[in-house]
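# Remarks on the overall topology
Listed here are the chains, written in short residue letters.
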Amino acid sequence: MTLDWDAFRFVKAVAERGSLTAAAAQLGINHSTAFRRLTALETKLGVRLFERLRTGYAPTACGQAMIEAASRIEADVTRFERTAAGRSETPSGELRVTAPTSLAVELLMPILADFGARYPEIRIELILAEAALNLSRRDADVAIRASRDPSETLVGRRLAAVAWGIYGRVDRAYGNLADETWVSPDPTVAGGTFTRFVGTQTTADRVRLRINTVTGLEAAVAAGLGIGPLPCFTGDAHPGLRRLSGPHPELGVDLWVLTHPDLRHAARVRAFMEHMAEAITPLRPRFEGLGLGS
């Protein structure tokens, strides 16, 4: 009996999504095709791979064994892709980069424009996300990430310290900050560090809004919803905002450019990481809260 990789990938998708409809959408096929494929596969194997429950598709013991095999195959394929990509000798091809939305809005686009002019053969796919993408799975090739403790499985370099302060509108007067109305990052941002910080600065009833992105937080402060913590490189540059306190050392993080060890010698990855370091170095005072508005 011969099974191809698509069969394993299909079964893994059904298990992860819990339904044929969701798995079909992930794989770019319709529901009837997914139903026929699963039926044909189970007939070929002579066993059921999933129990059809009211709550969804649950893998049987045989189905679970196939899912585990699929995970091993996927890991091997990804490892090979990283190895092949890491041996490229010319700065060309596609490069997936992930970065926080706030950094892209404020600073990253001019840096990418300069990089594109220097390396026209490299095509960038930019993935904006506050959450950390998995570089081992090649969700991205390079991560620009604010972190105090980047993963030991990654390699890269520290670009700058990132200072945070409390900001409010430039056209408003503020008294005791604890008595003001606040906006706050929600607990999903930086593991809840900023949510806990706001909790030390004011009482829960003074927090009008919690939000899961720094860009949204900046917009909320600028709109007058309340005062709140922001990275100095965004808050100081906003004409409608002013710093009310800080920088606060307990909120400080570092800005890193990171990649997987298998990709560190790829020409396009090395070129991008070097370009980022070169571009960020003169901007360090701004990241550290020593530039505009300080």
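This text follows the structure it describes.
Residues numbered from 1 in each chain as written. Predicted model: local features only at pLDDT ≥ 70, side-chain atom pairs only at ≥ 80, totals over all residues. Heavy atoms only, no water.

### What about helix α6 (residues 193-201)?
If you check which residues of α6 are buried, you get T193, F194, T195, F197 and V198. Buried residues along α6 sit in contact with β7 (164-169), β8 (182-185), β9 (207-211) and β10 (228-231). (Buried < 20%, exposed > 50% of the residue type's maximum accessible area, 1.4 Å probe, protein only. Helix = DSSP H or I, 4+ residues; strand = E, 2+ residues; numbered from the N terminus. Contact = heavy atoms within 4.5 Å.)

### Topic: the packing of aromatic side chains
All chains considered together, the criterion is met by five aromatic pairs. Relative to Y119, the ring of F115 has its centre 5.0 Å away and its plane inclined at 45°; by these criteria the two rings are tilted. When sorted by exposure, F115 lands in the same class as Y119, which is buried. A ring pair is formed by F115 and F272, whose centres lie 5.2 Å apart and whose planes are at 85°; its orientation type is edge-to-face. You can see F115 sitting in helix α5 (residues 101-118) and its partner F272 sitting in helix α9 (residues 267-280), a full 157 residues away along the chain. Overall, F272 belongs to the buried group, its relative accessible area being 0%. Put simply, the rings of F115, Y119 and F272 touch in pairs and so form one group of aromatic residues. Seen from the ring of F10, R37 lies directly overhead, with NZ or CZ sitting 5.5 Å from the centre. (Phe/Tyr/Trp six-rings, centres within 6.5 Å; stacked < 30°, edge-to-face > 60°. Lys NZ or Arg CZ within 6 Å of the ring centre and 35° of its normal.)

### A few points about the nonpolar core
Core analysis: the biggest nonpolar cluster contains 44 residues, and V142, I144, F272, M276 and F287 have the highest contact counts within it. Looking at this core, the elements with two or more residues in it are β3 (93-99), α5, β5 (142-147), β6 (155-162), β7, α6, β12 (253-259) and α9. Of all the elements, α9 adds the most residues to this core, at eight residues. If you look at the next biggest cluster of nonpolar residues, it comprises 19 residues, including A7, F8, A34 and A70. (Core = buried A, V, L, I, M, F, W, Y, C linked by side-chain atoms within 4.5 Å.)

### Overview of the sheet that holds β5
Within the open sheet, the five strands sit side by side as β4-β3-β5-β12-β6. Their pairing is mixed. Pairing within the sheet leaves two strands with one partner each, and these edge strands are β4 (122-128) and β6. The mean inter-strand angle of the sheet, taken between neighbouring strand axes irrespective of direction, is 20°. Of the pairings in the sheet, the one linking β3 to β5 comprises two bridges and is parallel in character. Paired with V97 across the bridge in β5 is V142. Strands β3, β4, β5 and β12 of the sheet are contacted by α5, whose axis makes an angle of about 175° with β4. Packed on one face of the sheet, α9 meets β3, β4, β5, β6 and β12 and runs near 20° to β6. (Pairing = 2+ DSSP bridges. Axes fitted to C-alpha atoms, helices over the stretch in contact; angles between N-to-C directions.)

### Considering the sheet that holds strand β11 (residues 241-245)
To summarise the sheet geometry, strands pair through backbone hydrogen bonds and adopt either a parallel or an antiparallel arrangement. Strand order in the open sheet made by the three strands is β10-β7-β11, with antiparallel pairing throughout. Bordering the open sheet on either side are β10 and β11, each of which pairs with just one other strand. Going from strand to strand, the sheet's axes swing by 55° on average, the running direction of each strand aside. Alignment of β7 against β10, held across four bridges, turns out to be antiparallel. Directly across from G165, in β10, lies its bridge partner L230.

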